[in-house]
Amino acid sequence: MPTKKLLAPFYERLALVLIGFMALGYLVIMGKDLLDPMIFGFIFAILLLPVCNFLERKLRLPRSMASLASILLLVGAISGILYLVGSQISNMANDWPMLQKQVKQSIQDLQEWIQHAFHVNAAKQMAYVDDTAKKLMESGTDVLGTTFGAISSLMLFYVFILIFTFFTLLYRRLLIRFIVWVFRDENEHVVMDIVENIQSILRQYILGLLLEMVIVAGVAITVFWMIGIKYAALLGIIVGLFNIIPYIGIFTALLLSTVITFATGSISNTVAVAVSVIGIHAVDANFLLPTIVGSKVRLNALISFIGIILGEMIWGLSGMFLSIPVIAIFKIIFDRIETLKPWGYLLGGDYEYKKSAAKAMKTE
């Protein structure tokens, strides 16, 4: 007589899940230096996979050459964006005397406002500024060393990302066969379904972000040009680039655009730019983001927000970038494993429930 398989009590399963999350979190924190560039390399490899396949099949390039050429194309595209931004900044540098005059006038106006509002005369204000400047100069060596170290670490981080991207593209079939072997041949169809969906959804998500960035930058440049801002192209590109940073990107773009406009234009232009940036972000958050990006990764807003906060707490700015793709990967896995489907539902929300209910109604 067959015996029924007894499930462990709920509290025992919950304890195991919590212990698993704690162990995973500890490993993620301890392995940041390795996992951070590795995950970025994995995402870039997924993005470049169609290009690499095209170079292998159409141009008959060896896999190593196709992988290297794909990475060089990516570096070329990023270099083109940096050159565009750099050319705009160089144009601003040509107007440095005018900027100095505008900043001096703004400082004088600020001093007068502080004197009338807080009854602190200009002499005391300048004494405080001089004292602060002396302290900064005394610690200038330490600041310079720290800055140089940070730039060196950042460049090394980018190099590691490119190396991991290259090796992921080069050994992609080996990695897939390893995953299938680990989870046994009878589960091959599930594993391949997960792998294919991860590739498709992450690629669509990244391309959606890039498309959103281009649209926001184009709209911002057009609006700033209509207002009459001198560096409309530079400010529009800044708004578009920082827009892809979750939540804090809008505040950074708002600060930079208003400061640059204040230093090169009038108060009315500064207010107009600030209002425009807020308006563009409102349209993007309520219409563009759900249509272009939100349709690719079905995550509810609460989980996305929590994931971004946890990502920033664990890995800083890179954790904020990676939080949404990583959660999307977990959701794909959870949705295809029977015992983990409730967790997939938690990450996605009512969309899957409504979708499955609509399918059931159609079949009836």
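Residues numbered from 1 in each chain as written. Predicted model: local features only at pLDDT ≥ 70, side-chain atom pairs only at ≥ 80, totals over all residues. Heavy atoms only, no water.

Visitor: Before we go on, may I ask you to explain the packing of helix α12 (residues 301–315) against helix α13 (residues 317–335) in this structure?
Guide: Describing two packed helices takes the angle between their axes plus the distance from one axis to the other. It is at 7 Å that the axes of α12 and α13 come closest, and there the two elements cross at 140°. Taken together, α12 and α13 sit at an angle that is classed as oblique. Judged by the twist between their axes, the crossing of α12 over α13 is right-handed. Side by side, α12 and α13 meet where I303, S304, G307, I308, G311, E312 and W315 of the first sit next to L317, S318, G319, M320, L322, S323, I324 and I327 of the second. Among the residues forming the contact of α12 with α13, the class breakdown is eight nonpolar, six polar and one charged. (Axes fitted to C-alpha atoms, helices over the stretch in contact; angles between N-to-C directions. Helix = DSSP H or I, 4+ residues; strand = E, 2+ residues; numbered from the N terminus. Parallel < 35°, antiparallel > 145°, perpendicular 65-115°, else oblique. Left-handed = near helix turned anticlockwise from the far one by under 90°. Contact = heavy atoms within 4.5 Å. Nonpolar A, V, L, I, M, F, W, Y, C, P; charged D, E, K, R; others polar.)

Visitor: I keep staring at the nonpolar core and nothing clicks. Help me out?
Guide: Proteins that are soluble and globular tend to have nonpolar side chains buried together. Counting residues in hydrophobic clusters, the biggest one holds 18 residues, and the most contacted among them are F224, L235, V239 and V277. Secondary structure elements with two or more residues in this core: α8 (188–227), α9 (232–243), α10 (248–264) and α11 (267–293). It is α9 that provides the largest number of residues to this core, a total of six residues. Apart from residues no more than four positions distant in its own chain, L235 is found in contact with F224, I229, S257, I260 and T261. Core analysis: the second largest hydrophobic core is formed by 17 residues, L322, I324, I327 and F334 among them. (Core = buried A, V, L, I, M, F, W, Y, C linked by side-chain atoms within 4.5 Å. Buried < 20%, exposed > 50% of the residue type's maximum accessible area, 1.4 Å probe, protein only.)

Visitor: It is not clear to me how the packing of aromatic side chains should be interpreted in this structure. Could you clarify?
Guide: As enumerated under the stated definition, the model contains five aromatic pairs in all. With a centroid separation of 6.0 Å and an interplanar angle of 90°, the aromatic rings of F40 and F157 are classed as edge-to-face. Linking F40 in helix α2 (residues 32–57) with F157 in helix α6 (residues 140–170), this pair joins segments that are 117 residues apart in sequence. Arranged with centres 6.1 Å apart and planes meeting at 55°, the rings of F157 and Y158 form a pair that is tilted. Connected via pairs of aromatic rings, a cluster forms that spans F40, F157 and Y158. (Phe/Tyr/Trp six-rings, centres within 6.5 Å; stacked < 30°, edge-to-face > 60°.)

Visitor: What's the story with the environment of L35 in this structure? I'm lost.
Guide: Counting through the fold element by element, L35 comes out in helix α2. Residue class for L35 comes out partly exposed when judged on its relative accessible area of 27%. Excluding residues within four positions of it along the chain, L35 makes contact with L27, V28 and W315.

Visitor: Help me out: how do you make sense of the side chain of S318 in this one?
Guide: In this structure, S318 sits in helix α13. By relative accessible area, S318 is classed as buried at 12%. Non-local contacts of S318, meaning those with residues more than four positions away in its chain, are made with D36 and F40.

Visitor: How should I be thinking about α9 in this particular structure?
Guide: The periodicity of an α-helix, 3.6 residues per turn, causes residues three or four places apart in sequence to face the same way. For α9, built from twelve residues, the straight-helix expectation of 16 Å at 1.5 Å per residue is met to within 8% by its first-to-last C-alpha distance of 16 Å. Those residues of α9 that sit buried are A232, L234, L235, G236, I237, I238, V239, G240 and N243. (Expected span 1.5 Å × (residues − 1).)

Visitor: Teacher, can you tell me more about the environment of I278 here?
Guide: Note on placement: I278 falls in helix α11. Once the C-alpha coordinates of I278 and F251 are considered, the two residues, 27 residues apart in sequence, prove to be 9.1 Å apart.

Visitor: Where do I start with a positive patch on the surface in this structure?
Guide: Residues R57, K58, R60, R173 and R177 make up a contiguous surface patch of positive charge. Tracing the backbone shows R173 in helix α7 (residues 172–182). (Patch = residues over 30% accessible without salt bridge, like charges linked within 9 Å, V, L, I, M, F, W, Y side chains within 5 Å. Areas by Shrake-Rupley, 256 points an atom, 1.4 Å probe, with all protein chains shown as cover. Salt bridge = Lys/Arg side-chain N within 4 Å of Asp/Glu carboxyl O. Lys, Arg positive; Asp, Glu negative; His and termini not counted. Charge placed at Lys NZ, Arg CZ, Asp CG, Glu CD.)

Visitor: Looking at this structure, I do not really get the pattern of salt bridges. What am I missing?
Guide: Note that side chains of opposite charge can pair when their charged atoms are close. Going through the model one piece at a time under the given rule, you end up with six salt bridges. In this structure, the salt-bridge partner of K32 is D36, at a minimum N-O distance of 3.5 Å. With K32 and D36 both in helix α2, this residue pair falls four residues apart, about one helical turn. Given the relative accessible area of 27%, K32 is considered partly exposed. Judged by relative accessible area, which is 2%, D36 ranks as buried. A salt bridge links D193 to R336, with the nearest nitrogen and oxygen atoms 2.7 Å apart. Of the two residues, D193 sits in helix α8 while R336 sits in the loop between α13 and α14 (341–348), which places them 143 residues apart along the sequence. Among the charged side chains, a network of salt bridges with common partners joins E56, R63 and R172.

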